[in-house]
Amino acid sequence: MNGGGEGLAAPATSGAATAPLDWRFSQVFGERTAGEEVQEVDIISAIEFDRTGDHLATGDRGGRVVLFERTDAKDHGGHRKDLERMDYSISRHPEFRYKTEFQSHEPEFDYLKSLEIEEKINKIRWCQTANGALFLLSTNDKTIKFWKVQEKKVKKVSELNVDRSKSMGNGPFVGGTPASSKPYLANGVCKEKPIGFPSNDTSFPSGGSPSLHLPLVVTSPETSLVARCRRVYAHAHDYHINSISNNSDGETFISADDLRINLWNLEISNQSFNIVDVKPTNMEDLTEVITSAEFHPTHCNTLAYSSSKGSIRLIDLRQSALCDNHSKLFEEQEAPGSRSFFTEIIASVSDIKFAKNGRHILSRDYMTLKLWDINMDSGPVATFQVHEYLRPKLCDLYENDSIFDKFECCLSGDGGRVATGSYSNMFRVFGCSEGSTEATTLEASKNPMRRQVQTPSRPSRSVGNLPRVLRRGADNSGADTNGNAFDFTTKLLHLAWHPTENSLACAASNSLYMYYA
């Protein structure tokens, strides 16, 4: 499959459809044993690869950020990119190891609003590396933090003025045994002499005080990872932050809540600019809220945000300081007679992602994935049904609030495939090249194909000159091929695709599963 480029006119690479990927289990971190109870604070709430794919970060509901680093490239004696340049075949699958973790956020209390602010990490975004240090942004509902993670050499104190062969008159030295057999009290006083009696046990170094010298601090060859919070961006959002996104200029980023999007400079933490404000004068007139926002991967003046009504707006920061007016609007028209009580709820977009080339936007609503071409605002160029079997059960899902679950989505680095999660810790991978019928269902476990549903091949349907592809897996019942009922309490909300390889990281409760193809 060709890499993504500006010449993409179809949802992805045009031409002959590629064969479905054969996904295999790679690793698991934090695997649960049978019957083990999961603590709420350990549930993973965010996943993000860095630009190189050599580092992976996860955040959890306990406010912690855990970093992993890739190890398989190092084992081959050179940088992975150098080996690829030399046509060196790397036969081993991607492997990661635990690197470090730190407490990013703590629970807080807003006394003015009498509101508890939980420590849960909502989003993590990697920033540009510098001088061997890693930089990343993490946010909870209200506060964004800028972190620097760096290896530092351990410093130790040496050449102390302590002679371990002698005991000083003021008591035994720490960590040693006094040479004298005199009994000493806890405060260092000898029992054999009165408290007020002067002691002659104090010994000085030979040569007098000139031989005294300061202890030396020496740097040892050992290193330790240190995470430091460099900046805190706070008090800029009245509502819960749902998105943060880095700009391609490497200097700014955006943060979005339900009604506003703010623009920040990484170097300035006490000031931000409000660039989108959808709050009506009268809150009773509120009809939609912002659900996700992301910068264009290469154009620093362009960003997109989605709404609870299922629309995506593209805005240009060059048009005005306050971007109330969008430059493009992407939404799908309702089919006549199809509206129901749940129509607007399931149309709400929970996540959007730009393709690496910036030509396409992937959006996830409750039932489907949609792929949009930013040059065509008449409708999505491809629609993928994620779990159509749930449509008859929408009333039950509304009763238990599952219908409000926010599933994330991701694209492969070449733009040829998309992925998103579902219930029963299942996730789906779709091929979006023209003519592709790939629609794979996998389970977040050591045997991802255990409950795979075979998908019949269906040709793509074309409407007009641009292909409008509809994918339907054969998962229209409430049970899998083994007859197991789907579990709506276990859901795979968060996943990320490696930026350069066919490798996926998925969060199933407190466990991080990794797969490769």
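Here, the structure is the one placed above.
Procedures and definitions
Residues numbered from 1 in each chain as written. Predicted model: local features only at pLDDT ≥ 70, side-chain atom pairs only at ≥ 80, totals over all residues. Heavy atoms only, no water. Pairing = 2+ DSSP bridges. Helix = DSSP H or I, 4+ residues; strand = E, 2+ residues; numbered from the N terminus. Axes fitted to C-alpha atoms, helices over the stretch in contact; angles between N-to-C directions. Buried < 20%, exposed > 50% of the residue type's maximum accessible area, 1.4 Å probe, protein only. Polar contact = N/O pair within 3.5 Å; in protein donor to acceptor, adjacent residues only side chain to side chain. Contact = heavy atoms within 4.5 Å. Patch = residues over 30% accessible without salt bridge, like charges linked within 9 Å, V, L, I, M, F, W, Y side chains within 5 Å. Areas by Shrake-Rupley, 256 points an atom, 1.4 Å probe, with all protein chains shown as cover. Salt bridge = Lys/Arg side-chain N within 4 Å of Asp/Glu carboxyl O. 1 Å grid on protein atoms, 1.4 Å probe; cavity = no way out; pocket = protein on both sides within 12 Å on 5 of 7 lines; lining within 4 Å. Points joined across faces, edges and corners; volume = space filled by probe spheres on them. Core = buried A, V, L, I, M, F, W, Y, C linked by side-chain atoms within 4.5 Å. Phe/Tyr/Trp six-rings, centres within 6.5 Å; stacked < 30°, edge-to-face > 60°. Nonpolar A, V, L, I, M, F, W, Y, C, P; charged D, E, K, R; others polar.

Novice: What should I look at first to understand the sheet that holds strand β17 (residues 302-307) in this one?
Specialist: Read across the sheet, four strands follow the order β16-β17-β18-β19 without closing on themselves; strand pairing throughout is antiparallel. Two strands lie at the open edges of the sheet, namely β16 (290-295) and β19 (328-330), each paired on one side alone. Averaged over neighbouring strand pairs, the angle between their axes works out to 20° when direction is ignored.

Novice: Looking at this structure, how should I read the side chain of serine 422?
Specialist: Along the chain, serine 422 turns up in the loop between β25 (417-421) and β26 (426-431). A relative accessible area of 4% places serine 422 in the buried class. At 2.8 Å, the side chain of serine 422 and the side chain of histidine 387 are in polar contact. Setting aside its immediate chain neighbours within four residues, serine 422 contacts Val386, His387, Tyr389, Phe407, Phe427, Thr490, Lys491 and Leu492.

Novice: Sorry if this is basic, but what is going on with a nonpolar patch on the surface here?
Specialist: A contiguous nonpolar patch, built from Phe341, Tyr398 and Phe404 and spanning about 310 Å² of accessible area, is present on the exposed surface. Counting through the fold element by element, phenylalanine 341 comes out in the loop between β19 and α2 (343-347).

Novice: What's the story with the sheet that holds strand β1 (residues 24-29) in this structure? I'm lost.
Specialist: In a beta sheet, neighbouring strands pair by backbone hydrogen bonds and run either parallel or antiparallel. Spatial ordering of the open sheet is given by β1-β33-β32-β31, a layout of four strands whose pairing is antiparallel. Two strands in the sheet have a free side with no partner beyond their single neighbour: β1 and β31 (494-497). With direction set aside, neighbouring strand axes in the sheet form an average angle of 20°.

Novice: What exactly am I supposed to notice about empty space enclosed by the protein here?
Specialist: Any empty space left between atoms is shown by rolling a water-sized probe over those atoms. Per the counting criterion, the structure on display carries two cavities of 30 Å³ or more. Within this model, the largest cavity holds a volume of roughly 70 Å³. What lines the largest cavity is Arg51, Trp126, Cys127, Gln128, Asn246, Asn247, Gly250, Glu251, Thr252 and Leu266.

Novice: Even after reading the chapter, I still don't get the nonpolar core, so can you show me in this structure?
Specialist: Within soluble globular proteins, side chains that are nonpolar generally end up buried alongside one another. Counting 17 residues, the largest nonpolar core has Trp23, Phe427, Val429, Leu495 and Leu504 as the members making the most contacts within it. Going through the elements one at a time, β26, β31, β32 (503-508) and β33 (511-516) are the ones with two or more residues in this core. For this core, the leading source of residues is β32, giving three residues. When residues no more than four places from it in sequence are discounted, the contact partners of tryptophan 23 are Val429, Leu442, Pro448, Met449, Trp497, Asn502, Ser503, Leu504, Tyr515, Tyr516 and Ala517. Ala355, Leu362, Leu411 and Ala439 belong to the second-largest nonpolar core, a separate cluster that totals 15 residues.

Novice: Sorry if this is basic, but what is going on with the packing of aromatic side chains here?
Specialist: The way to describe two aromatic rings as a pair is by their centre distance and the angle between their planes. Counted according to the given criterion, the structure contains 23 aromatic pairs. Relative to phenylalanine 407, the ring of tyrosine 366 has its centre 6.4 Å away and its plane inclined at 50°; by these criteria the two rings are tilted. Of this pair, tyrosine 366 sits in the loop between β21 (360-364) and β22 (368-373) while phenylalanine 407 sits in the loop between α3 (394-399) and β24 (409-411); the two residues are 41 residues apart in sequence, bridging distant segments of the chain. For the pair tyrosine 366 and phenylalanine 407, a shared accessibility class is recorded, and that class is buried.

Novice: Help me understand the environment of proline 221, please; the structure alone is not making it clear to me.
Specialist: Relative to the elements of secondary structure, proline 221 occurs in strand β11 (residues 216-233). In this structure, the C-alpha to C-alpha distance between proline 221 and lysine 153, residues 68 residues apart in sequence, is 6.6 Å.

Novice: Mind showing me how you'd approach the environment of methionine 514 here?
Specialist: With respect to the helices, strands and loops of the structure, methionine 514 is situated in strand β33. Sequence-wise, methionine 514 and alanine 444 are 70 residues apart; in three dimensions their C-alpha atoms are separated by 8.6 Å. Ignoring anything within four residues of it in the chain, the contact list for methionine 514 reads Arg24, Phe25, Ser26, Gln27, Phe29, Phe49, Leu56, Phe96, Leu504 and Ala505.

Novice: Would you mind showing me how to read the layout of surface pockets here?
Specialist: A volume near 1200 Å³ is recorded for the largest pocket. Forming the walls of the largest pocket are 46 residues, and the residues nearest its centre are Lys120, Phe404, Asp405, Lys406 and Leu493. Taken together, the elements giving at least two residues each to the lining of the largest pocket come down to β2 (44-49), β16, α2 and β32. In terms of residues, the lining of the largest pocket owes the most to one element, β16, which gives three residues. For the lining of the largest pocket, the residue count by class is 15 nonpolar, 15 polar and 16 charged.

Novice: Got a minute to help me understand the pairing of strand β4 (residues 64-70) in this structure?
Specialist: A regular strand places its side chains so that they alternate between the two faces of the sheet. Most of β4 is tucked away: six of the seven residues are buried. Hairpin geometry of strand β3 (residues 55-60) and β4 is characterised by an intervening segment of three residues between the two adjacent antiparallel strands and by a positive phi of about 80° at glycine 63. Pairing analysis gives seven bridges linking β4 to strand β5 (residues 96-103), with the strands arranged antiparallel. In the strand pairing of β5, valine 66 is matched with glutamate 101.

Novice: Looking at this model, I keep getting lost on the pattern of salt bridges. Mind explaining?
Specialist: It is possible for side chains of opposite charge to pair when their charged atoms get near one another. Tallied over the entire structure, the rule returns 26 salt bridges. In this structure, arginine 318 and aspartate 316 form a salt bridge, with 2.9 Å as the shortest nitrogen-oxygen distance. Note that lysine 370 and aspartate 365 form a salt bridge whose closest N and O atoms lie 2.8 Å from each other. Linked through salt bridges whose partners overlap, the residues forming this network are Lys113, Asp238, Arg260 and Asp277.

Novice: Hey, could you run me through the pairing of β2 in this one?
Specialist: Most of β2 sits out of view: six of its six residues are buried. The pairing of β2 with β3 spans five bridges and is classified as antiparallel. By the bridge assignment, alanine 46 is partnered in β3 with glycine 59. Between β2 and β3, which pair antiparallel one after the other, the connecting turn spans five residues, and glycine 53 there sits at a positive phi close to 85°.

Novice: Which parts of the structure should I look at to understand the side chain of serine 243?
Specialist: Among the structural elements, serine 243 can be located in strand β12 (residues 243-246). Judged by relative accessible area, which is 4%, serine 243 ranks as buried. For serine 243, the side chain forms a polar contact with the main-chain nitrogen of alanine 293, separated by 3.2 Å. Setting aside residues no more than four positions away along its own chain, serine 243 makes contact with Lys123, Ile254, Ser255, Ala256, Thr291, Ser292 and Ala293.

Novice: Whenever I open this one, unusual backbone geometry confuses me. Can you help?
Specialist: Residues other than glycine seldom take positive phi values, yet serine 424 does so here, at roughly 60°. Residue placement: serine 424 occurs in the loop between β25 and β26. You will see that serine 509, though not glycine, has its phi angle at about 60°, which is positive. Along the chain, the position of serine 509 falls in the loop between β32 and β33.

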